[in-house]
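# What the coordinates show
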Amino acid sequence: MAEDTGILLESGTNELELLEFVVGSQHYGINVAKISELCPYQPPTMVPNAHEYIEGIFMPRERIITVINLARALGIAINQNTAGDMYIITNFNRLHTAFHVQEVLGIHRVSWGDIVKPDSTISHGGQGIATGITKIDGKIVIVLDFEKIVTEINPETGLKLSEIEALGERSRQECPILLAEDSPLLLEMLKKCLTKAGYTHLIPTTNGQEAWNTLDRMMNDGGVIGEDVALVITDIEMPQMDGHHLTKKIKTDPRFTGLPVVIFSSLVNDEMKKKGEALGVDAQLSKPEIGRLVAQLDLLLK
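Notes on the structure follow. All values reported here derive from a predicted model rather than from experimental measurement.

This part covers the overall build of the protein chain. Looking only at helices and strands, the protein chain features 8 helices and 15 strands. Computed over the C-alpha atoms, the radius of gyration of the protein chain is 20 Å, within 12% of the 19 Å expected from 2.2 N^0.38 for a compact globule of 302 residues. Counting only C-alpha atoms and orienting by the principal axes, one finds that the protein chain spans roughly 60 × 45 × 40 Å. For the protein chain, with 302 residues in total, the buried portion stands at 53%. A separation of at least 24 residues holds for 68% of the contacts in the protein chain among residues at least 6 apart in sequence. Carbon and sulfur atoms provide 49% of the accessible area of the protein chain, an area that totals close to 13,900 Å². Positive and negative side-chain charges of the protein chain, numbering 27 and 41 respectively, have mean locations separated by a distance of 3 Å.

Here you go:
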């Protein structure tokens, strides 16, 4: 029996529902908004020559879903007893994927402000797989970068530079664009793709709080919308401050009247679109549609 999950319906609260689960003896977390369902583990069908993280495939309700062994992806040795194991079936980047875990403990309502960004000793060179760390009931819970795991298995699920190259030669655009993206891998890919598309004046930040501090400081120093910052591109899931709360702060502050905000996230689904619309966001696009993102920038910045 599958267990349905819900997501917070409020807009811009800077909170999330975090599903706590166990791999080996460590506690991890995933945003409930990424989950389509939970179901008991069943042995998957092996796939020849698959990536080492892939345990196989299974077919709930006629849909073929790839099973990723999360212990392998994390380099954790576990015993082979699968009694009580679970599948966390996710839906992001327009993919349904099952992650094999040992135990699911429950859902917690957490503020992004209580989720700490890992320092460089943990995520050196963008190689880390943790996007945030928090404490729940006295236990350290690591929020994992599930997009990075999937992209390691199949780089085609990430941003495609080929979509930008297909646009052909483009003129240089000097409009300053602020980026808020917590994944070092995706931030670098986004910068590379936008630069290739001609948008060369980029202001990178690694979470909503850093983005807001940058914007606030800019305006306090006499900044002008359109000259010092012309547009904001933000992810949704970020430690300290998420993209929805960042959007709310921008759209309710008269200093930023006329500043377009574009949400570019793996979590753009019907529910999330409703939240974004309620906050006044100017456009919402799903990763990895980088070609559509550039087309939207062309419209908003022409």
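The rest of the description comes next.
Read from one edge of the open sheet, 5 strands run β3-β6-β7-β5-β4, paired in mixed fashion. This sheet does not close on itself; its edge strands, each paired only once, are β3 (35-40) and β4 (54-58). Going from strand to strand, the sheet's axes swing by 25° on average, the running direction of each strand aside. Of the pairings in the sheet, the one linking β3 to strand β6 (residues 86-92) comprises 5 bridges and is antiparallel in character. Bridge pairing in β6 links glutamate 37 to isoleucine 89.

A separate point is helix α7 (residues 270-279). Listed in full, the buried residues belonging to α7 are Met272, Lys275, Gly276 and Leu279. In a view along the axis of α7, the buried residues occupy a sector of 95°, so they form one face of it. For α7, exposure combined with an orientation more than 90 degrees from the buried face picks out Asp270, Lys274, Glu277 and Ala278. Buried residues belonging to α7 abut α6 (243-251) and β15 (283-286).

Here we come to the pairing of strand β9 (residues 130-136). Buried residues dominate β9, accounting for 5 of its 7 residues. In the sheet, β9 pairs with strand β10 (residues 139-144) via 6 bridges, with the strands oriented antiparallel. Looking across to β10, one finds that isoleucine 133 is bridged to isoleucine 142. Taking the residues between adjacent antiparallel strands as the criterion, β9 and β10 are bridged by 2 residues, where aspartate 137 takes a positive phi near 50°.

The next point concerns the nonpolar core. Within the largest apolar cluster, 28 residues are counted, with the highest numbers of intra-cluster contacts made by Phe21, Leu70 and Leu144. Contributing elements (two or more residues each) for this core: β1 (15-23), β2 (26-31), β3, α1 (70-74), β6, β7 (95-101), β10 and α2 (146-153). Counting 26 residues, the second largest nonpolar core, distinct from the first, contains Leu186, Cys193, Tyr199 and Leu231.

So, on to the pattern of salt bridges. A side chain of one charge can pair with a side chain of the opposite charge when the charged atoms of the two come close. Evaluation of the coordinates by the stated rule reveals 14 salt bridges. Between lysine 287 and aspartate 235 there is a salt bridge, and its shortest N-O distance comes to 3.5 Å. Here the residue lysine 287 occupies a position in the loop between β15 and α8 (290-301), and aspartate 235 occupies one in the loop between β13 (231-234) and α6, the gap between them amounting to 52 residues. The closest approach of N and O atoms between glutamate 289 and arginine 292, which form a salt bridge, is 2.9 Å. Residue glutamate 289 is classed as buried on the basis of its relative accessible area of 15%. On the basis of relative accessible area, arginine 292 is assigned to the partly exposed category, the value being 47%. A single network of salt bridges, built from pairs that share partners, joins Lys34, Glu147 and Glu237.

A separate point is unusual backbone geometry. The general pattern is negative phi for most residues beyond glycine and trans for most peptide bonds. Here the phi dihedral of asparagine 49 falls at roughly 60°; this positive angle occurs in a residue that is not glycine. Secondary-structure assignment places asparagine 49 in the loop between β3 and β4. Notably, aspartate 137 is not glycine yet its phi reads approximately 50°, a positive angle. Within the secondary structure layout, aspartate 137 lies in the loop between β9 and β10.

Take the environment of leucine 16 next. Among the structural elements, leucine 16 can be located in strand β1. Using a relative accessible area of 3% as the deciding quantity, one classes leucine 16 as buried. The spatial distance from the C-alpha of leucine 16 to the C-alpha of isoleucine 236 is 11 Å, given a sequence separation of 220 residues.

A word on the packing of helix α5 (residues 208-220) against α6. At their nearest, the axes of α5 and α6 sit 9 Å apart, and the two run at 20° to each other. Overall, the two elements α5 and α6 adopt an arrangement that is roughly parallel. The way α5 lies across α6 gives a crossing that is right-handed. Within the contact between the two elements, α5 uses Gly208, Ala211, Trp212 and Leu215 and α6 uses Leu246, Lys249 and Ile250.

What counts and how
Residues numbered from 1 in each chain as written. Predicted model: local features only at pLDDT ≥ 70, side-chain atom pairs only at ≥ 80, totals over all residues. Heavy atoms only, no water. Helix = DSSP H or I, 4+ residues; strand = E, 2+ residues; numbered from the N terminus. Rg over C-alpha atoms; globule rule 2.2 N^0.38 Å. Buried < 20%, exposed > 50% of the residue type's maximum accessible area, 1.4 Å probe, protein only. Contact = heavy atoms within 4.5 Å. Areas by Shrake-Rupley, 256 points an atom, 1.4 Å probe, with all protein chains shown as cover. Lys, Arg positive; Asp, Glu negative; His and termini not counted. Charge placed at Lys NZ, Arg CZ, Asp CG, Glu CD. Pairing = 2+ DSSP bridges. Axes fitted to C-alpha atoms, helices over the stretch in contact; angles between N-to-C directions. Arc of directions from axis to C-beta. Core = buried A, V, L, I, M, F, W, Y, C linked by side-chain atoms within 4.5 Å. Salt bridge = Lys/Arg side-chain N within 4 Å of Asp/Glu carboxyl O. Parallel < 35°, antiparallel > 145°, perpendicular 65-115°, else oblique. Left-handed = near helix turned anticlockwise from the far one by under 90°.

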